[in-house]
Amino acid sequence: MLEPSIDKLQTIINSKYTLITLSARRAREIQITKKSQLENPQSVKNVGIALEEIQAGKLTYIASDAKERQ
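A quick note: this is a predicted structure, and the numbers were derived from the prediction, not measured.

Student: Where do I start with helix α2 (residues 16–33) in this structure?
Tutor: Counting along an α-helix, one turn takes 3.6 residues, and residues three or four places apart therefore face a common direction. Helix length check: α2 (18 residues) gives 26 Å between terminal C-alpha atoms against 26 Å at 1.5 Å per residue, within 8%. Three or more residues of α2 are buried, namely Thr18, Leu19, Leu22, Ser23, Arg26, Ala27 and Ile30. Projection of α2 onto a plane perpendicular to its axis shows the buried side chains occupying an angular sector of 160 degrees, all on one side. Residues of α2 that are exposed and angled more than 90 degrees away from the buried face: Tyr17, Ile20, Arg25 and Ile32.

Put into structure tokens, the structure is as follows:
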């Protein structure tokens, strides 16, 4: 089972598409830099680490669409 769960993450970021896009971009960045914003991530995979960063509040986004900001 994927941890943190998608349901818990959707309380932070309400769009699945935004959640997936944000975590994928961050996972690529982690792959290149080999650096995480977390001290001891539980996941060994880059996408899991990115999702943990979102859950910890270390990774956020700014909506470019006015509709998402509401």
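Student: Looking at this model, I keep getting lost on the side chain of glutamate 52. Mind explaining?
Tutor: The residue glutamate 52 is located in helix α3 (residues 46–55) in this model. For the buried residue glutamate 52, which engages in no salt bridge, the nearest side chain bearing the opposite charge is arginine 26, 11 Å off. Those residues in contact with glutamate 52 that sit more than four places away from it in its chain are Pro4, Leu38, Pro41, Gln42 and Ser43.

Student: What am I meant to see in the packing of α2 against α3 here?
Tutor: Between two packed helices, both the angle of their axes relative to each other and the distance between the axes serve to describe the pair. The N-to-C vectors of α2 and α3 enclose an angle of 120 degrees; their axes lie 8 Å apart at closest approach. When the axes of α2 and α3 are compared, the pair comes out oblique. In this structure, α2 crosses over α3, and the sense of that crossing is right-handed. On the side of α2, the interface is formed by Leu19, Leu22, Ser23, Arg26, Ala27, Ile30 and Gln31, while α3 contributes Asn46, Val47, Ile49, Ala50, Leu51, Glu53 and Ile54. Residue classes in the contact of α2 with α3 are distributed as 9 nonpolar, 3 polar and 2 charged.

Student: Looking at this model, I keep getting lost on the pattern of salt bridges. Mind explaining?
Tutor: If you walk through the whole model with that rule in mind, you get 2 salt bridges. A salt bridge links arginine 26 to glutamate 29, with the shortest nitrogen-to-oxygen separation between them at 2.5 Å. Taken together, the residues span about one helical turn, with arginine 26 and glutamate 29 both in helix α2 at a distance of 3 residues. In this structure, glutamate 53 and arginine 26 form a salt bridge, with 2.6 Å as the shortest nitrogen-oxygen distance. With glutamate 53 in helix α3 and arginine 26 in helix α2, this pair connects stretches of sequence that are 27 residues apart. Taken together, the shared-partner salt bridges in this structure form one network comprising Arg26, Glu29 and Glu53.

Criteria and cut-off values
- Residues numbered from 1 in each chain as written.
- Predicted model: local features only at pLDDT ≥ 70, side-chain atom pairs only at ≥ 80, totals over all residues.
- Heavy atoms only, no water.
- Helix = DSSP H or I, 4+ residues; strand = E, 2+ residues; numbered from the N terminus.
- Expected span 1.5 Å × (residues − 1).
- Buried < 20%, exposed > 50% of the residue type's maximum accessible area, 1.4 Å probe, protein only.
- Arc of directions from axis to C-beta.
- Lys, Arg positive; Asp, Glu negative; His and termini not counted.
- Salt bridge = Lys/Arg side-chain N within 4 Å of Asp/Glu carboxyl O.
- Contact = heavy atoms within 4.5 Å.
- Axes fitted to C-alpha atoms, helices over the stretch in contact; angles between N-to-C directions.
- Parallel < 35°, antiparallel > 145°, perpendicular 65-115°, else oblique.
- Left-handed = near helix turned anticlockwise from the far one by under 90°.
- Nonpolar A, V, L, I, M, F, W, Y, C, P; charged D, E, K, R; others polar.

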